[in-house]
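Structural characterization, general
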Amino acid sequence: MKVNFYVTCIGDALKANMARDTVLLLEQLGCEILFPERQGCCGQPALNSGYVNDAKPAMKSLIATFEDNDYPIVSPAGSCTYAIKSYPTYLADEPEWAARAQAVADRMQDLTGFIVHTLGVVNVGARLPGKAVYHPSCSLFRKLGIKDEPITLLNNVEGLELLPIVNQETCCGFGGTFSVKMSEISGEMVKEKVQHIMDAEPDYLIGADTSCLINISGRLTREKRPVKVMHIAEVLMSR
C-alpha cells in the first residue's frame, strides 16, 4: 500500500527519531512511503489561538499538497491529525475549499489507528523489556476517539508491562498555547501528572503525541526522574 507521510513540524524540527521510526515501521509493515516535499505546518498553533484567517494560507497550501494523489495520509501526531480533519469546519465559508478540505481530511489517519484498522495489524514484532506508563493525549483520546489502538499495539510488545496510574486520562497540561498563556495552571497539571507516573515506578513513559511527551519529559527532567520517554513509533521499532 502506498502511504503519504505527514511529518509534522515537531517531527521535522525536534524529534527526527520519531519521524524516522514512523517511516521505518510503516515500511516494515509493507507500505511504500510517499513524502510530498511541499508539506508544511498544518496551522494548528494559530487555529488553537483563534487566528483562523491567518492560518488559512497554510491550510490551503497543505490541502493542495496532498491532492496530488488519493492515498492515505498518516501522521504520528494526534494533534496535527485532528487539526487537518477540522479544516472543513474552518473553511465552511468557502464551499470549494471546504469540499477539497473534506477530501483530504477523509484520508487523514493517526499512525496507531492506521496500523490497527487499515493494515489490520496488532502485533508488529516489537520487543522492549520493562514497565511502562502510557499517556493518552487529549487530541487522540478525546478528539479522535483513538483509545484502544495504542494500548492494543503496546500489549503485544514482548517483555513490556503496562502499568495503570491514577487519573490516567487527565490532561498533562500542555494544550499547545495553553501552556504559555496559562503557564501556572499548566505547570501544576504536569506536576500532578508526573507524580502519578512516578507512583507507578515505570521504566518508560510512552505516548502517541509528541507535544505531550515534550511537556511531561520537561517536568521529569527538572525533577531528575530516571524515566525514559518514548513515542510509540520508537517502541514499536524496538527489537
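Quantities reported herein were computed from a predicted structural model and do not represent experimental measurements. (Residues numbered from 1 in each chain as written. Predicted model: local features only at pLDDT ≥ 70, side-chain atom pairs only at ≥ 80, totals over all residues. Heavy atoms only, no water.)

**A look at the nonpolar core**
Soluble globular proteins tend to bury their nonpolar side chains together. For clarity, the threshold we go by: In these notes, a set of buried Ala, Val, Leu, Ile, Met, Phe, Trp, Tyr and Cys residues joined through side-chain atoms within 4.5 Å is what counts as a nonpolar core. Each residue is assigned to one of three classes by its accessible area relative to the maximum for its type, calculated with a 1.4 Å probe on protein chains only: buried under 20%, partly exposed between the two thresholds, exposed over 50%. Note on conventions: DSSP H or I runs of at least 4 residues are helices, E runs of at least 2 residues are strands, and numbering of each starts at the N terminus. Contacts were defined at the residue level, with two residues in contact if any of their heavy atoms lie within 4.5 Å.
Leu160 and Ile206 are the most contacted members of the largest nonpolar core, which has 29 residues in total. For this core, the secondary structure elements donating two or more residues are α2 (16-28), α8 (111-118), β5 (127-135), α10 (148-155), β7 (204-207) and α14 (232-236). Leaving out residues up to four positions away in the same chain, Ile206 has contacts with Ala132, Val133, Tyr134, His135, Leu154, Leu160, Leu213, Met230, Ile232 and Val235. The next biggest cluster of nonpolar side chains, apart from the first, holds 20 residues, and it includes Leu62, Ala77, Leu91 and Ala98.

**A closer look at the side chain of Ser79**
Its location among the elements puts Ser79 in helix α5 (residues 78-85). Of the residues examined, Ser79 reaches a relative accessible area of 9% and is grouped as buried. Not counting residues within four places of it along the chain, the set of residues in contact with Ser79 comprises Gln44, Ser139, Asp209 and Ser211.

**Looking at helix α12 (residues 183-199)**
Let me state the cut-off plainly: Given a helix with a known number of residues, its expected span is that number minus one, times 1.5 Å.
The terminal C-alpha atoms of α12 lie 24 Å apart, and with 17 residues this matches the ideal 24 Å at 1.5 Å per residue to within 8%. Within α12, the full set of buried residues consists of Ser186, Val190, Lys193, Val194, His196, Ile197 and Met198. Positive backbone phi, approximately 55 degrees, marks Glu201, located one or two places after α12.

**Thoughts on the environment of Phe35**
Here Phe35 is to be found in the loop between β2 (32-34) and α3 (44-48). Distance from Phe35 to Val121, taken between C-alpha atoms, is 23 Å for residues 86 residues apart in sequence. Look past the residues within four positions of Phe35 in its chain and what remains in contact with it is Phe5 and Val7.

**Brief notes about the UniProt feature "domain: Cysteine-rich" (unreviewed entry) in the protein chain**
Note the following rule: UniProt positions are given in the numbering used here, feature names are shortened, and annotations may be inferred rather than shown by experiment.
Mapped onto this numbering, the UniProt entry annotates "domain: Cysteine-rich" (unreviewed entry) at residues 3-85 and 133-216. End-to-end, the C-alpha atoms of residues 3-85 are 17 Å apart, and along that stretch the chain is 54% helix and 11% strand. Between the first and last C-alpha atoms of residues 133-216 the distance is 12 Å; the span itself is 50% helix and 14% strand.

**Thoughts on the sheet that holds β7**
Just so we agree on the cut-off: A pair of strands counts as paired when DSSP detects no fewer than two bridges linking them. All axes here are fitted lines through C-alpha atoms, helices being fitted over the stretch that makes contact, and every angle between N-to-C directions spans 0 to 180 degrees.
Strand order across the open sheet formed by four strands is β6-β5-β7-β8, with parallel pairing between neighbours. Of all the strands in the sheet, the pair left with one neighbour each is β6 (158-162) and β8 (228-231). Within this sheet the neighbouring strands show an average axis-to-axis angle of 35 degrees, counted without direction. Pairing geometry for β5 and β7, over four bridges, is parallel. Within β7, the position partnered with Val133 by the bridge is Leu205. Packed on one face of the sheet, helix α13 (residues 210-222) meets β5, β7 and β8 and runs near 175 degrees to β8.

**Here we look at the sheet that holds strand β3 (residues 73-75)**
Spatial ordering of the open sheet is given by β2-β1-β3-β4, a layout of four strands whose pairing is parallel. Both edges of this open sheet fall to β2 and β4 (108-110), since each of them pairs with a single strand only. Within this sheet the neighbouring strands show an average axis-to-axis angle of 40 degrees, counted without direction. The pairing of strand β1 (residues 2-5) with β3 spans two bridges and is parallel. Within β3, the position partnered with Asn4 by the bridge is Ile73. Its contacts with the sheet put α5 on β3 and β4, and the angle it makes with β4 is roughly 155 degrees.

**Section: the packing of α12 against α13**
Going by this rule: When an angle is under 35 degrees it counts as roughly parallel; over 145 it counts as roughly antiparallel; between 65 and 115 it counts as roughly perpendicular; any other value is oblique. Charged means Asp, Glu, Lys or Arg here, nonpolar means Ala, Val, Leu, Ile, Met, Phe, Trp, Tyr, Cys or Pro, and polar covers whatever is left, Gly included.
The geometry of α12 relative to α13 is characterised by a closest axis approach of 10 Å and an angle of 75 degrees between their N-to-C directions. The orientation of α12 with respect to α13, classified from their angle, is roughly perpendicular. Within the contact between the two elements, α12 uses Val190, Lys191, Lys193, Val194, Ile197 and Met198 and α13 uses Asn215, Ile216, Arg219 and Leu220. For the contact of α12 with α13, the per-class residue count stands at six nonpolar, one polar and three charged.

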